[in-house]
Amino acid sequence: HNHILWSRVPDYTQKHLLDLQQRDRRVLEFWAHAAAYLPMKDYRFLIPTMDLFRNHHDPWPKSDQKTIQWVHDRIRSDGPLKSRDFEAPDKKSTGWWEWKPAKLALQRLFFAGDIMVSHREGFQRVFDIAERILPADIDTSPPTMEEYTRYLIMSTIRSHGLSRAQEMYYLRRGMGTHVRKSLDAMCEAGEIVRVKIRSVDGEFYTITENLNKSVRVANKVKLLSPFDNAVIQRERLSDLFGFDYQIECYVPKPKRKYGYYCLPILYGEQFYGRIDVKADRKTGVLQLIHVILEDKKLPEGFLAELAKACADFAEFNNCKTLVIDKVSPGHVWKEITRRISDFM
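Values in this document were obtained by computation on a predicted structure and should not be read as measured data. (Residues numbered from 1 in each chain as written. Predicted model: local features only at pLDDT ≥ 70, side-chain atom pairs only at ≥ 80, totals over all residues. Heavy atoms only, no water.)

**Q** Can you break down the overall build of the protein residue by residue, with the values?
**A** Counting its secondary structure elements, the protein contains 12 helices and 12 strands. Taken along its principal axes, the extent of the C-alpha atoms in the protein is 65 × 65 × 40 Å. Within the protein, the proportion of its 344 residues that are buried is 43%. Sequence-distant contacts, at least 24 apart, represent 58% of the contacts inside the protein between residues at least 6 apart. Surface accessibility of the protein: about 19900 Å² in total, with carbon and sulfur atoms responsible for 51%. (Helix = DSSP H or I, 4+ residues; strand = E, 2+ residues; numbered from the N terminus. Buried < 20%, exposed > 50% of the residue type's maximum accessible area, 1.4 Å probe, protein only. Contact = heavy atoms within 4.5 Å. Areas by Shrake-Rupley, 256 points an atom, 1.4 Å probe, with all protein chains shown as cover.)

And the structure:
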């Protein structure tokens, strides 16, 4: 999450997100396109997803009701707790099965909205009872179906500029018919417009204001997170940018094409490749396992910007040394290495 925000806000620090979540209560963690931070003011539009989990209409493993109640009661009485606070107290025990039921219960309580993430301590989420976190002025009334579909439509257009219908209900089962019905009504009312893009299948939707905007994109390299909203939908990325990308940390090693944790390389309006990267914070080394560039003409200034982006990313990860293992195609190896040395 910090990577995604940093790639858009150059002076971003982790304290910004901590303050927004814990001090100001202006953002919350929940599930959207993936595990995400969302505006607290949008809370009521998360209720449909919460209801799915509360009513056990979800595909997640079911939890024992007694365990769920015990976990909820303990957080209510003891205050904010992490998942490791529910581990077996017997240090001689090594079986994960002794505390896993509590962890599953935590997840179900979280997705059902009964508990929320108060803040994080390192990577550990700290959970508390929802009513102790929600600000008093937040609307907690469930949205009507029309309100919910309008939210999905407009929030997607606001985030991406334009979108196909199926992208608006991505990961929201059973919402396709409802979203398409609202799209037709909003087009008829002139709130949104249909758009066709040359050589791309399907209809897109946007607002008229977006069609009249003049947008200047700086020629800077951005190393995006694999979980960035801009790249999370593989078909959209391929259709609009001609870039085929998949995060491969979930792919078995023998089947990986590019590497475990590849960062897409965005320069201006185009994607020019990816970098399989690993940070060793103990030694302060950022390892570029493989820099892989697309088979396309590289614009002037691209390699210099790529070198600077790699150096900045090393600094962001508290790494003082940057090591390159492999570059494809090989003829740019020397220039990338030379330019990176200028920044490190």
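This is not the end of the story, as more comes after the structure.
**Q** Go over the pattern of salt bridges, please, and point to the residues and values.
**A** A complete count under the given rule lists 24 salt bridges for this structure. Of the charged contacts, one joins Arg-74 and Asp-78 as a salt bridge, the two residues approaching to 3.2 Å between their closest N and O atoms. Note that Arg-74 and Asp-78 are positioned in helix α4 (residues 65-78) at a spacing of four residues, about one turn of the helix. Arg-164 is the salt-bridge partner of Glu-167, the closest N and O atoms lying 3.1 Å from each other. What makes Arg-164 buried here is its relative accessible area of 3%. (Salt bridge = Lys/Arg side-chain N within 4 Å of Asp/Glu carboxyl O.)

**Q** Explain the layout of surface pockets to me, using residue names and the numbers behind them.
**A** The calculated volume of the second largest pocket comes to roughly 440 Å³. In terms of lining residues, the second largest pocket is bounded by 18 residues, among which Thr-49, Leu-52, Phe-53, Leu-171 and Arg-172 are the most central. In terms of residue count, helix α3 (residues 47-54) provides more of the lining of the second largest pocket than any other element does, five residues in total. Residue classes in the lining of the second largest pocket are distributed as 11 nonpolar, three polar and four charged. (1 Å grid on protein atoms, 1.4 Å probe; cavity = no way out; pocket = protein on both sides within 12 Å on 5 of 7 lines; lining within 4 Å. Points joined across faces, edges and corners; volume = space filled by probe spheres on them. Nonpolar A, V, L, I, M, F, W, Y, C, P; charged D, E, K, R; others polar.)

**Q** Explain the pairing of strand β1 (residues 27-31) to me, using residue names and the numbers behind them.
**A** The two faces of a sheet get side chains in turn, since along a regular strand they alternate between them. Judged by how many residues are buried, β1 sits mostly within the fold: four of five residues are covered. In terms of strand pairing, β1 meets strand β2 (residues 35-39) through five bridges, oriented antiparallel. Each bridged residue has a counterpart across the sheet, and for Leu-28 the counterpart in β2 is Leu-38. A loop of three residues connects β1 with β2, the two strands running antiparallel in sequence. (Pairing = 2+ DSSP bridges.)

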